[in-house]
Amino acid sequence: MANEHPSAAAHPRQVFITGASRGIGRALAEHFLALGDAVTGCSRTASELKHPNYKHLCADLTQPSEIGAMMSQLRSQSKRLDVLINNAGAAAMTPAALQPPDASRELVELNLNSVIHITHDAIRLLKRGRDARIINLTTVAVPWRLEGEAVYSATKAAVEQWTRVLAKELGPLGITCNAIGPSPIETDLIRAIPKKKIEQLLLRQAIPRFGSMRDMSHVVDFLLDPKSDFITGQVIYLGGVG
């Protein structure tokens, strides 16, 4: 069990996580709840996570109208936001010549445009937050330039550039913005990738093993620490990837 941060009981951090119904998003929601934070998550479908300090919103993040309605609901229930984690995303291991344009457009909507839309709508709440932080999820597929993930890695490369520029724009407001690129973690996102392919990828890391949720939460906690207020515009890849 994680230790509660000192002010958790009186003034819990207000955390919003996209893609919180499973995988990294679900694990981070549980991590923050264990710290005593108030967490709101979202996904296309309802969540099985039940906790007094957890609320869940349902929205298809490829649809701007649903994002708008979701963010309006978030603003109505929260007067401030301390942490925004843009985690929702999808991957497609398909060669560019075989990937239908409609599938590519959906990846762009989910992996890039929803991040821009949600962050835009969240800035007002973050300005009222305490030690406000934005963390965007990227992928090691960007530096690895993985074949079969051209569109997926392109959307995440755009998120990285968005992170760097947004950090400069939001810095004067006291809001930091960083990105984390996990090395392969055993989640639903990679279970469709052949085992041999995963083993080859792990061998390209300085530390050739799967990442864990503990690895991920440790870096998140570091970036969210009030003492990390001078760290912004950074992209951190786990596992020694470069």
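Everything below is about the structure printed above this text.
Below you will find a few notes about this structure. Just so it is clear, the model here is predicted, and its values are computed rather than measured. (Residues numbered from 1 in each chain as written. Predicted model: local features only at pLDDT ≥ 70, side-chain atom pairs only at ≥ 80, totals over all residues. Heavy atoms only, no water.)

Overview of the sheet that holds strand S2 (residues 38–43)
Part 1 of the reasoning: Read across the open sheet, the 7 strands follow the order S3-S2-S1-S4-S5-S6-S7; overall the sheet is parallel. A strand with exactly one partner marks an edge of an open sheet, and here the two such strands are strand S3 (54–58) and strand S7 (235–237). Within the sheet, the average angular offset between the axes of one strand and its neighbour, ignoring direction, is 15 degrees.
Part 2 of the reasoning: Note: strand S1 (residues 14–18) against S2, 5 bridges, orientation parallel. Note on S2: the bridge partner recorded for Val-15 is Val-39.
Part 3 of the reasoning: Sheet contacts for helix H1 (residues 23–34): S1, S2, S3 and strand S4 (83–86); angle to S1, the most-contacted strand, approximately 170 degrees.
Part 4 of the reasoning: Those strands touched by helix H3 (residues 101–127) are S1, S4 and strand S5 (133–137), and its axis lies near 175 degrees from that of S4. (Pairing = 2+ DSSP bridges. Helix = DSSP H or I, 4+ residues; strand = E, 2+ residues; numbered from the N terminus. Axes fitted to C-alpha atoms, helices over the stretch in contact; angles between N-to-C directions. Contact = heavy atoms within 4.5 Å.)

Concerning the state of the cysteines
Part 1 of the reasoning: Going through the model one piece at a time under the given rule, you end up with 0 disulfides.
Part 2 of the reasoning: A disulfide-free cysteine, Cys-58 has its sulfur positioned 8.7 Å from the sulfur of Cys-42, the nearest such atom.
Part 3 of the reasoning: Among the cysteines around Cys-177, which has no disulfide bond, Cys-42 carries the closest sulfur, lying 17 Å off.
Part 4 of the reasoning: Exposure remark for Cys-177: the relative accessible area of 0% places this residue in the buried category. (Disulfide = S-S within 2.5 Å. Buried < 20%, exposed > 50% of the residue type's maximum accessible area, 1.4 Å probe, protein only.)

All we've got here are geometric facts, nothing functional implied.
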